[in-house]
Amino acid sequence: MKKLFALLLALAMTLSLAACGGETSTEDTSTDDQTTEDTTGETTGFAVSSDYGDFTVVDEGKLHMSTNAAFPPYEMTTDDGGFEGIDVEVAAAIAEKLGLELVVDDMGFDAALTAVQTGQSDIAMAGITVTPDREEVMDFSNSYATGVQVVIVPEDSPIQTIDDLANAEMIGCQAATTGYIYASDTPENGGYGEDHVTAYENGALAVMALVNGQIDAVIIDNEPAKAFVEANEGLKILETPWVEEEYAIGVAKGNTDLLNAINAVMDELKADGTFQSIVDKYITAE
């Protein structure tokens, strides 16, 4: 796990630098040779005929998944520069069922959502929760997991309960996540105000800031929180969850055919035990 965290920190620094110049990806996500535009200006993709219906993809024979691979155990990098995690393996299983090759496009979290909206990727999986604002610009699959957001603090912190978080001078969150959106909202709406919340490119950078004493707490999903705490002595997770949400797969607004195919495949993966076996590989029952 120490090695995992070191890799995450290295990735975090890389993403932080890349954010100044644009999004990062392991693949060329340009669609110049992948799609055409009809006379109305709407982008069309490559047609796919499968056992789960007909739909289009942005790249012939491939299913592009945009993600932020700094979110263990859902998506993370491997020693050889590849990707692994629950979302990655589930997406690979979906692609196989659809007769496609999975391509993982790694970038910032916000960029991963935008990539789907602009036709640069087919699906977005990055521990994404469904919110009314996101539903206005994207469509979502049925939920496939429950995400629990928790609070990480130093063991000797005066913040010992969720209620104590209101006294924090500065809270760290990953940019564009619901954790940041909710926490930076006004106290009247249950948040702590923008002046008391700092957005980081990913969770690893937020935890690094906590370790360095730059912030008082980090709000992040439970599974990555456990990985970060295990890798850093002197940190702990508050007992009470901060909020519970549902994870779903994002697709372009109105891409109903692909969405229906994904939901049908996910139903099969859950029914035959494939989905649970993937989860069990990364999350040990407590």
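Structural notes, computed from the coordinates. Counting from 1, residues in each chain are numbered in the order their sequence is written. With the structure being a predicted model, the display of local features is reserved for residues of pLDDT at least 70 and the display and counting of side-chain atom pairs for 80 or more, all residues being used for whole-chain, interface and lining totals. Only hydrogens and water are removed before side-chain values are computed, so all heavy atoms of the structure are retained for them.

## Some thoughts on the overall build of the chain
Now for step 1: Only DSSP runs of H or I reaching four residues or more are called helices, and only runs of E reaching two or more are called strands; each is numbered from the N terminus. When its secondary structure is counted, the chain shows 9 helices and 18 strands.
Now for step 2: Areas reported here follow the Shrake-Rupley algorithm with a probe of radius 1.4 Å; residue values treat only the protein chains shown as occluding. Only carbon and sulfur atoms are counted for the fraction: they give 47% of the accessible area of the chain, which is about 13,200 Å².

## Looking at empty space enclosed by the protein
The method is simple in principle: a probe with the dimensions of a water molecule rolls over the atoms, and the space it marks as empty is what remains.
Now for step 1: Points on a 1 Å grid over protein atoms alone make up a cavity when a 1.4 Å probe fits among them but cannot get out, and a pocket when they form an open set with protein on both sides within 12 Å along at least five of seven lines; lining residues each have an atom within 4 Å of a point. Grid points are joined across faces, edges and corners, and a volume is the space filled by probe spheres set on the points. Evaluation of the coordinates by the stated rule reveals 1 cavity of 30 Å³ or more.
Now for step 2: Approximately 160 Å³ is the volume found for the largest cavity.
Now for step 3: Lining of the largest cavity is provided by 17 residues; of these, Phe 71, Gly 127, Gln 174, Thr 177 and Asp 221 occupy positions nearest its centre.
Now for step 4: When residues of the lining of the largest cavity are traced back to their parent elements, those giving at least two are helix H5 (178-183) and strand E15 (217-221).
Now for step 5: When residues in the lining of the largest cavity are grouped by element, the largest group, 3 residues, is from E15.
Now for step 6: Residue polarity is assigned by list, with Asp, Glu, Lys and Arg as charged and Ala, Val, Leu, Ile, Met, Phe, Trp, Tyr, Cys and Pro as nonpolar; anything else, Gly included, falls into the polar class. Taken together, the residues that form the lining of the largest cavity break down as 6 nonpolar, 8 polar and 3 charged.

## Re the side chain of Glu 245
Now for step 1: If you trace the backbone, Glu 245 turns up in strand E17 (residues 243-247).
Now for step 2: For each residue, the accessible area found with a 1.4 Å probe, counting protein chains only, is set against the maximum for its type, and the residue is called buried under 20%, exposed over 50%, and partly exposed in between. The charge count treats Lys and Arg as positive and Asp and Glu as negative. His and the chain ends do not count. The term salt bridge refers to a side-chain nitrogen of Lys or Arg lying within 4 Å of a carboxyl oxygen of Asp or Glu. Within the buried set, Glu 245 has no salt-bridge partner at all; the shortest N-O distance to an opposite charge, 6.7 Å, is to Arg 134.
Now for step 3: Throughout this description, a polar contact denotes any pair of N or O atoms lying within 3.5 Å of each other; where both atoms belong to protein, one of them has to be capable of donating a hydrogen while the other can accept it, and for residues adjacent in sequence the pair is counted only when both atoms sit in side chains. One polar contact links Glu 245 to Gln 149, side chain to side chain, over a distance of 2.8 Å.

## Notes on the pattern of salt bridges
Now for step 1: All chains considered together, the criterion is met by 4 salt bridges.
Now for step 2: Ionic pairing is found between Lys 281 and Glu 89, a salt bridge with its closest N-O pair at 2.7 Å. You can see Lys 281 sitting in helix H9 (residues 274-282) and its partner Glu 89 sitting in helix H2 (residues 86-97), a full 192 residues away along the chain.
Now for step 3: Glu 89 gets classed as partly exposed once you look at its relative accessible area, which sits at 24%.
Now for step 4: Close ionic contact of Glu 223 with Lys 226 constitutes a salt bridge, the shortest N to O distance being 3.1 Å. Within this pair, Glu 223 and its partner Lys 226 are both found in helix H7 (residues 222-231), separated by 3 residues, close to a single helical turn.
Now for step 5: For Lys 226, a relative accessible area of 24% puts it in the partly exposed group.

## Let's talk about the packing of aromatic side chains
Now for step 1: To pair, rings of Phe, Tyr and Trp, with the six-membered ring standing in for Trp, must have centres within 6.5 Å; the planes then decide the type, stacked if under 30 degrees apart, edge-to-face if over 60, and tilted in the middle. Under the counting rule described, the total for this entry stands at 5 aromatic pairs.
Now for step 2: Both rings, one in Tyr 144 and one in Tyr 247, keep their centres 6.4 Å apart while their planes meet at 50°; by these two values the pair is tilted. One end of the pair, Tyr 144, is in the loop between strand E11 (138-140) and strand E12 (145-154); the other, Tyr 247, is in strand E17, with 103 residues separating them in the sequence. Across the pair, exposure class does not vary: Tyr 144 and Tyr 247 are buried alike.

## Some points on unusual backbone geometry
Now for step 1: Along the chain, Pro 72 connects to Pro 73 via a cis peptide bond; the corresponding omega equals 5°.
Now for step 2: Turning to its location among the elements, Pro 73 is positioned in the loop between strand E6 (70-71) and strand E7 (75-77).

## Side note on the nonpolar core
Now for step 1: For our purposes a nonpolar core is just a set of buried Ala, Val, Leu, Ile, Met, Phe, Trp, Tyr and Cys residues, chained together by side-chain atoms within 4.5 Å. Judged by nonpolar contacts, the single largest core of 39 residues is most densely connected at Ile 94 and Ile 123.
Now for step 2: What makes two residues a contact is simply this: any of their non-hydrogen atoms within 4.5 Å. For Ile 123, the residues in contact, after removing those within four places along its chain, are Leu 63, His 64, Met 65, Ser 66, Ala 91, Val 116, Ile 249, Gly 250, Val 251, Leu 258 and Ile 262.
Now for step 3: Tyr 200, Ala 204, Ile 215 and Phe 228 belong to the second largest nonpolar core, which has 16 residues in total.

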